Amino acid sequence: MHHTDVIIIGAGAAGLMCARTAALRGRRVVLLDHANKPGKKILMSGGGRCNFTNMYTEPGNFLSQNPHFCKSALARYTQWDFIEMVAKHGVPYHEKKLGQLFCDNKSSDILQMLLDECYSAGATLRMDTRIEHIEKLEHGYLLNTSAGPFQCQSLVIATGGLSIPTLGATGFGYQVARQFGHNLLPTRAGLVPFTITDQLKALCTELSGTSVDCVASCNGKSFRENLLFTHRGLSGPAILQISSLWEAGDTVEINLLPDHDALTWLQQQQAERPNSELKTLLGEVFTKKMANLLADTWFVSRPMKQYTPAELAQVADKLGNWQLVPAGTEGYRTAEVTLGGVDTREVSSKTMESLKSPGLYFIGEVLDVSGHLGGFNFQWAWASAYAAAQFV
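The structure presented is a predicted model; accordingly, all values stated were derived computationally and were not measured. (Residues numbered from 1 in each chain as written. Predicted model: local features only at pLDDT ≥ 70, side-chain atom pairs only at ≥ 80, totals over all residues. Heavy atoms only, no water.)

**Considerations on the UniProt feature "domain: RsdA/BaiN/AoA(So)-like Rossmann fold-like" (unreviewed entry) in the chain**
- The UniProt entry lists residues 5–390 under the feature "domain: RsdA/BaiN/AoA(So)-like Rossmann fold-like" (unreviewed entry), expressed in the numbering used here.
- Annotated as 32% helix and 25% strand, the span residues 5–390 places its first and last C-alpha atoms 13 Å apart. (UniProt positions renumbered as here; feature names shortened; annotations may be inferred. Helix = DSSP H or I, 4+ residues; strand = E, 2+ residues; numbered from the N terminus.)

See the structure below:
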């Protein structure tokens with residue numbers, strides 16, 4: 001029997017941060033994971049450069065059925081606290097845009113920093129360890145594992161969601177929550193590309209690889225970022241952001257001319273360049289290929305002077321308020337985050353401890369807290385892990 005103070009299940013961002021912080025308090029910490037290596041999602045994040053936080057993190061950047069829940073943890077461990085640790089380790093980084101901080105070199109810099117912090121604090125890491133059964137004791141928990149039995153006072157679930165199963169994601173954390181009486185809110189893929197199956201599919205396929213600045217809107221929220229056409233549909237930061245607010249059957253509105261009022265711009269072009277073709281003008285805003293395809297697919301391209309006011313308004317509406325209903329999303333296979341999860345109304349926002357089973361804690365993505373794209377989900381991992389680590 002292995003006796004310890006704290007067992008953390010899941011050696012991802014939240015688990016490593018919690019192990020390091022609890023061990024620094026002098027707690028005996030064992031971190032268990034079924035995978036062969038820690039931090040796989042950290043390594044692939046940000047295109048291999050790990051968008052580890054965002055300088056503009058605030059509660060409004062997170063989605064939850066209980067929107068106030070994240071405030072306490074985010075206030076007690078901020079983006080500046082994590083940046084301070086990154087600087088202490090000499091990890092070079094830069095702001096890409098919109099406050100998004102990325103490693104100059106590789107994601108492995110952040111993972112190595114967390115591992116070094118864990119080891120120097122005295123936390124024990126055990127990979128390739130399956131959890132077979134968890135039992136509540138009078139004081140603490142008993143875990144039967146593939147590496148033998150473990151007993152602890154505090155048990156922390158940091159297993160993440162269902163996103164990217166090829167990196168080891170499972171629904172294990174949700175099983176544990178259910179076992180100890182927790183309500184689970186419906187889960188679905190977030191920060192994920194859309195699939196298109198109707199007549200738009202041909203346009204998406206033709207334009208595959210083309211990126212364009214836009215404003216994407218759905219259910220009262222808008223994001224200005226790039227849209228990327230793919231063989232399967234639409235992706236890019238604007239689409240990933242709006243996908244977390246979209247539900248099956250919802251209409252997505254896309255403004256392809258975010259710097260202009262579409263109708264005013266077209267009227268101006270008609271007045272100043274009456275002999276220019278529509279596709280020529282669009283070619284100055286979009287790629288030539290995209291301009292030609294839009295002009296041929298959506299409109300009949302002709303000299304600007306030949307459009308009636310009503311026709312010009314139709315063109316403006318299509319460019320400034322393109323409406324589409326995606327067939328679906330690419331699902332957990334490529335999703336960056338899982339929406340929904342453990343209902344935070346049954347978890348303490350101060351300690352991350354279960355209100356149903358004393359000594360049980362939930363941190364990171366397993367909870368019903370999901371960030372926007374741009375480093376916010378990592379900041380939630382750091383902040384929720386730090387909060388729990390003060391009490392485990």
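Now, onward.
**Looking at the pairing of strand S10 (residues 148–157)**
- As paired strands, strand S1 (residues 2–9) and S10 are joined by seven bridges and run parallel to one another. What sits directly across from His2, in S10, is Phe150.
- Direction of pairing for strand S9 (residues 140–145) relative to S10: antiparallel, over a ladder of five bridges. If you follow Leu142 over to S10, its bridge partner there is Gln151. (Pairing = 2+ DSSP bridges.)

**Let's talk about the sheet that holds strand S3 (residues 51–54)**
- Taken together, the three strands give an open sheet; going across it, the order is S3-S6-S5, and neighbouring strands pair in antiparallel fashion. Each edge of the sheet is formed by a strand with only one pairing partner; in this case those strands are S3 and strand S5 (93–95). Neighbour to neighbour, the strand axes of the sheet diverge by 25° on average, direction disregarded. (Axes fitted to C-alpha atoms, helices over the stretch in contact; angles between N-to-C directions.)

**Comments concerning the sheet that holds strand S14 (residues 221–229)**
- The strand order S17-S16-S13-S14-S15-S12-S18 describes an open sheet built from seven strands, whose pairing is antiparallel. Edge positions in the sheet fall to strand S17 (322–324) and strand S18 (328–329), since each of these pairs with one other strand and no more.
- As defined by bridge partners, strand S13 (residues 211–218) adjoins strand S16 (residues 252–255) across three bridges and the pair is classed as antiparallel. Across the sheet, residue Ala216 finds its bridge partner in S16, namely Ile254.

**Looking at the packing of helix H4 (residues 79–88) against helix H5 (residues 108–121)**
- Close contact between H4 and H5 brings their axes to 10 Å; oriented N to C, the two are set at 90°. In terms of their interaxial angle, H4 and H5 are classed as roughly perpendicular. Note on element contacts: H5 touches H4 through Ile110, Met113, Leu114 and Glu117, opposite Phe82, Met85, Val86 and Lys88.
- By residue class, the composition of the contact of H4 with H5 is six nonpolar, no polar and two charged. (Parallel < 35°, antiparallel > 145°, perpendicular 65-115°, else oblique. Contact = heavy atoms within 4.5 Å. Nonpolar A, V, L, I, M, F, W, Y, C, P; charged D, E, K, R; others polar.)

**Some points on the nonpolar core**
- Membership of the largest hydrophobic core comes to 79 residues, with the highest contact counts inside it found for Phe82, Ile110, Leu114, Ile134, Leu143, Leu155 and Trp380.
- When residues no more than four places from it in sequence are discounted, the contact partners of Trp380 are Phe62, Phe69, Cys70, Ala73, Leu74, Met352, Gly364, Leu367, Val369 and Ala385.
- Grouped together as the second largest cluster of nonpolar side chains are 46 residues, Leu63, Ala262, Ala316 and Trp322 included. (Core = buried A, V, L, I, M, F, W, Y, C linked by side-chain atoms within 4.5 Å. Buried < 20%, exposed > 50% of the residue type's maximum accessible area, 1.4 Å probe, protein only.)

**Some points on the environment of Ala123**
- As for its position among the elements, Ala123 is in the loop between H5 and strand S7 (124–126).
- On the basis of relative accessibility, which here comes to 10%, the residue Ala123 falls in the buried class.
- Spatially, the C-alpha atoms of Ala123 and Asp259 are 52 Å apart, while their sequence positions differ by 136 residues.
- If sequence neighbours within four positions are ignored, Ala123 has contacts with Ala19, Ala23, Val29 and Cys118.

**Regarding H4**
- Inspection of H4 places Gln79, Phe82, Ile83, Met85 and Val86 among the buried residues, and these make up the whole buried set. When H4 is viewed along its axis, its buried side chains cluster within an angular range of 155° and face the same direction. Of the residues in H4, the exposed ones pointing more than 90 degrees away from the buried face are Glu84 and Lys88.
- Those residues of H4 hidden inside the fold are in contact with helix H1 (13–24), S3, S5, strand S6 (100–103), H5 and helix H13 (376–389). (Arc of directions from axis to C-beta.)

**Points about the packing of aromatic side chains**
- Summed over all chains, the structure comprises twelve aromatic pairs.
- On the numbers, 4.2 Å between centres and 5° between planes, the contact of Phe82 with Trp382 is stacked. With Phe82 in helix H4 and Trp382 in helix H13, this pair connects stretches of sequence that are 300 residues apart. Neither residue differs from the other here; Phe82 and Trp382 are each classed as buried.
- Taken together through their ring pairs, the aromatic side chains of Phe52, Phe82, Tyr93, Phe378 and Trp382 make up a single cluster.
- We note Lys96 situated over the ring of Phe102; from NZ or CZ to the ring centre the distance is 4.9 Å.
- Just above the ring of Trp298 sits the side chain of Lys318; from NZ or CZ to the centre is 4.8 Å. (Phe/Tyr/Trp six-rings, centres within 6.5 Å; stacked < 30°, edge-to-face > 60°. Lys NZ or Arg CZ within 6 Å of the ring centre and 35° of its normal.)

**Looking at the packing of helix H9 (residues 262–272) against helix H12 (residues 309–320)**
- At their nearest, the axes of H9 and H12 sit 8 Å apart, and the two run at 130° to each other. Judged on the interaxial angle alone, H12 and H9 are oblique. For the element pair H9 and H12, the recorded crossing hand is right-handed. On H12, the residues that touch Ala262, Leu263, Leu266, Gln267 and Gln270 of H9 are Leu312, Ala313, Val315, Ala316 and Gly320.
- Partitioned by chemical class, the residues of the contact of H9 with H12 number seven nonpolar, three polar and no charged. (Left-handed = near helix turned anticlockwise from the far one by under 90°.)

**Focus: H9**
- Those residues of H9 that sit buried are Ala262, Trp265, Leu266 and Gln269. Buried residues of H9, seen end-on, are gathered within an arc of 95° and therefore sit on one face of the element. Turned more than 90 degrees away from the buried face of H9 sit Ala271 and Glu272, all of them exposed.

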